[in-house]
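# Architecture at a glance
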Amino acid sequence: MKAEAKNVATKNEIIGMIRFIETEYPDLFSGLDKDQLQMKTDFWYESLKQYDAKILRKAAEQIVREYRTTPKLSHIIARLEILTTPAEMTNEELWADFCGRMAETTKKMTELYYAANSEINSVSSMTDVEEIQKNYKSELRSLKQSEFDALSPILKSYAASVDRYIDLCFMEEKDLQFERAGFLKRIDDIRATMKRNTYRGEA
């Protein structure tokens, strides 16, 4: 989950953060010519511009304080995700959030299915039907992936894969209760693993 866009970082602030990190890791952007440096700076900006400026500074300070080797952009984003994920949520609240997301995914997939069926019923040519079915499968595949990608890191870790997430979305209510028990049992281990992988500075 990204921070609310109340005080999103400007390009100058992100460049300042890069310079701050470079003071501790001189090889961060080393070996690049002028054009490559500009391209890499622009890429960092595009990757980080949606985050709150204060959270961005906090992440940079933590990285500099804790990392023993030169961090990558992925390390900084991982730290930002930790800082912007609702860590204060209880396990029950996380489960409720997960259920809400699954319900929304199920709704979108169902709407896509009925829309395709309605379109099929409006045509008579088998060629048109096949084209609609082809488009539906493509849109469904994209929808499944985008819904999985939109999960917060901790929920994505629990879901593990697109296919498993979709299976969970369409799980019967009685089976979902068993899944809830497994979620509550595993989620603390997932939290701990995510923090350990992020904070050790070796990932």
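Preceding this paragraph is the structure being described.
Residues numbered from 1 in each chain as written. Predicted model: local features only at pLDDT ≥ 70, side-chain atom pairs only at ≥ 80, totals over all residues. Heavy atoms only, no water.

To continue, consider the state of the cysteines. In this structure the tally under the stated criterion is zero disulfides. Here Cys99 is not cross-linked by a disulfide; its sulfur's nearest cysteine counterpart is in Cys169, at 9.9 Å. Given a relative accessible area of 23%, Cys99 falls into the partly exposed group. Judged by relative accessible area, Cys169 falls into the buried class, the value being 10%. (Disulfide = S-S within 2.5 Å. Buried < 20%, exposed > 50% of the residue type's maximum accessible area, 1.4 Å probe, protein only.)

What follows is about the packing of aromatic side chains. As enumerated under the stated definition, the model contains 10 aromatic pairs in all. An aromatic cluster of three or more residues is present, and its members are Trp95, Phe98, Phe148, Tyr158, Tyr165 and Phe183. Geometry around Phe148 places Lys156 over its ring, the cationic atom sitting 5.7 Å from the centre. When the ring centre of Tyr158 is taken as reference, the NZ or CZ atom of Arg164 above it lies at 5.0 Å. (Phe/Tyr/Trp six-rings, centres within 6.5 Å; stacked < 30°, edge-to-face > 60°. Lys NZ or Arg CZ within 6 Å of the ring centre and 35° of its normal.)

Our next topic: the nonpolar core. Phe98, Met102, Leu151, Ile154, Tyr165 and Phe183 are the most contacted members of the largest nonpolar core, which has 27 residues in total. Contributions of two or more residues to this core are made by α5 (91–121), α6 (126–149), α7 (153–159), α8 (162–169) and α9 (173–199). Tallying contributions element by element places α5 first for this core, with seven residues. The next biggest cluster of nonpolar side chains, apart from the first, holds 21 residues, and it includes Ile18, Tyr25, Ala59 and Leu73. (Core = buried A, V, L, I, M, F, W, Y, C linked by side-chain atoms within 4.5 Å. Helix = DSSP H or I, 4+ residues; strand = E, 2+ residues; numbered from the N terminus.)

Turning to the packing of helix α2 (residues 34–48) against helix α4 (residues 73–84), a few remarks are in order. Think of two packed helices as two axes; the pair is described by the angle between the axes and how far apart they sit. Close contact between α2 and α4 brings their axes to 11 Å; oriented N to C, the two are set at 15°. The angle between α2 and α4 places the two elements in the roughly parallel class. Read as a crossing pair, α2 and α4 show a hand that is right-handed. The segment α2 lies against α4, with Phe43, Trp44, Ser47 and Leu48 engaging Leu73, Ile76, Ile77 and Leu80. (Axes fitted to C-alpha atoms, helices over the stretch in contact; angles between N-to-C directions. Parallel < 35°, antiparallel > 145°, perpendicular 65-115°, else oblique. Left-handed = near helix turned anticlockwise from the far one by under 90°. Contact = heavy atoms within 4.5 Å.)

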